[in-house]
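Chain by chain, the residues run as shown.
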Amino acid sequence: MLHPMTIEPEQQIGVGTQDAFQRLWTPHRMAYIQGENKPTGPDAGDGCPFCGIPNMSDQDGLVVARGKHVYAVLNLYPYNGGHLMVVPYRHVADYTDLDTAETVELADLTKRAMIALRKASGAHGFNIGMNQGQAAGAGIAAHLHQHIVPRWGGDTNFMPVVGHTKVLPQLLADTRQMLADAWPND
């Protein structure tokens, strides 16, 4: 996986006039922009990444915890460090399609994610929710997933507003291990 890096103005190579700005390069975001790993259709067999992740090792799939009906996984394109998603194993698009056991476990893993994030990173608050349907902003609308985004006082600065870039201080593999170690057991 590529990591963001800064290049000092005197190190810049290429066209254009050098200036006093540092450049923050996040080439891994191009995969998201170009739609890499997006399903080609609404069915589980249409390349749904959420259906494939459970077949991977925890490390390769960035899985933090597994339940009987749902699992918790790091977001490949996080809004903040530690951005998790709770995802049902079953390929369903709508919250109302979950059965009772899936609904209960989704809520339970969401609570556990909050506990782990507070323990591991001292999160001050959370944005929790799901975008239902493409019109509502779901990046992968065919497979339901709930976001748990940790927040800290003052965590929003000029980078997302002006640069449309989020600076993440830790590799996803390291974040996955930290949260797996902090995950509360029954």
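Residues numbered from 1 in each chain as written. Predicted model: local features only at pLDDT ≥ 70, side-chain atom pairs only at ≥ 80, totals over all residues. Heavy atoms only, no water.

Q: Is there a simple way to explain the pattern of salt bridges in this structure?
A: In this structure the tally under the stated criterion is three salt bridges. Two residues, Asp58 and Arg66, come together in a salt bridge whose shortest N-O distance is 2.7 Å. On the accessibility criterion, Asp58 (26% relative accessible area) is partly exposed. Classification of Arg66 as partly exposed rests on a relative accessible area of 35%. Of the charged contacts in the structure, one is a salt bridge between Arg90 and Glu102, with a shortest N-O distance of 2.7 Å. Of the two residues, Arg90 sits in the loop between β5 (84–88) and α4 (100–121) while Glu102 sits in helix α4, which places them twelve residues apart along the sequence. Take Glu102: its relative accessible area is 4%, and that puts it in the buried class. (Salt bridge = Lys/Arg side-chain N within 4 Å of Asp/Glu carboxyl O. Buried < 20%, exposed > 50% of the residue type's maximum accessible area, 1.4 Å probe, protein only. Helix = DSSP H or I, 4+ residues; strand = E, 2+ residues; numbered from the N terminus.)

Q: Got a minute to help me understand the confidence of the model for the protein chain in this structure?
A: Do not read the predicted coordinates in detail wherever pLDDT is low. For the protein chain, the mean per-residue pLDDT works out to 81, and 68% of the residues sit at or above 70. Low pLDDT, under 50, characterises residues 1–7; the stretch is placed with 19 contacts to residues that sit more than four places away or in other chains. (pLDDT = per-residue confidence, 0-100. Contact = heavy atoms within 4.5 Å.)

Q: Is there a simple way to think about the environment of Arg176 in this case?
A: Position of Arg176 among the secondary structure elements: in helix α6 (residues 172–182). When near neighbours in sequence (up to four residues on either side) are disregarded, Arg176 contacts Asp58, Gln59, Leu62, Val63, Val64 and Leu74.

Q: Which parts of the structure should I look at to understand α4?
A: Given 3.6 residues per helical turn, the α-helix brings residues three or four places apart onto the same face. Between the first and last C-alpha of α4 there are 31 Å, a value that for 22 residues agrees with the 32 Å anticipated at 1.5 Å per step. Considered for burial, the residues of α4 that qualify are Glu102, Glu105, Leu106, Leu109, Thr110, Arg112, Ala113, Met114, Ala116 and Leu117. In this structure, the buried side of α4 is in contact with β3 (63–66), β4 (70–74), β5, β6 (125–129), β7 (146–151) and α6. Sitting at the amino-terminal end of α4 is Asp99, which places a side-chain oxygen 3.2 Å from the backbone nitrogen of Ala101. (Expected span 1.5 Å × (residues − 1). Polar contact = N/O pair within 3.5 Å; in protein donor to acceptor, adjacent residues only side chain to side chain.)

Q: Help me understand the side chain of His83, please; the structure alone is not making it clear to me.
A: Note that His83 resides in the loop between β4 and β5. What His83 contacts, discounting residues up to four positions off in sequence, is Val73, Leu74, Asn75, Pro78, His147, Ile148, Val149 and Pro150.

Q: Help me out: how do you make sense of unusual backbone geometry in this one?
A: Glycine aside, residues mostly have negative phi angles, and peptide bonds mostly take the trans form. Even without being glycine, Leu62 reaches a positive phi, approximately 60°. Inspection of the secondary structure assignment puts Leu62 in the loop between α3 (58–61) and β3.

Q: What am I meant to see in the nonpolar core here?
A: Nonpolar side chains in soluble globular proteins generally cluster together in the buried interior. Membership of the largest hydrophobic core comes to 33 residues, with the highest contact counts inside it found for Phe50, Val73, Leu84, Ile148 and Trp183. At the level of elements, β3, β4, β5, α4 and α6 are the ones that each hand at least two residues to this core. The leading source of residues in this core is α4, at six residues. Setting aside residues no more than four positions away along its own chain, Phe50 makes contact with Tyr71, Met85, Val87, Ile140, His143 and His145. (Core = buried A, V, L, I, M, F, W, Y, C linked by side-chain atoms within 4.5 Å.)

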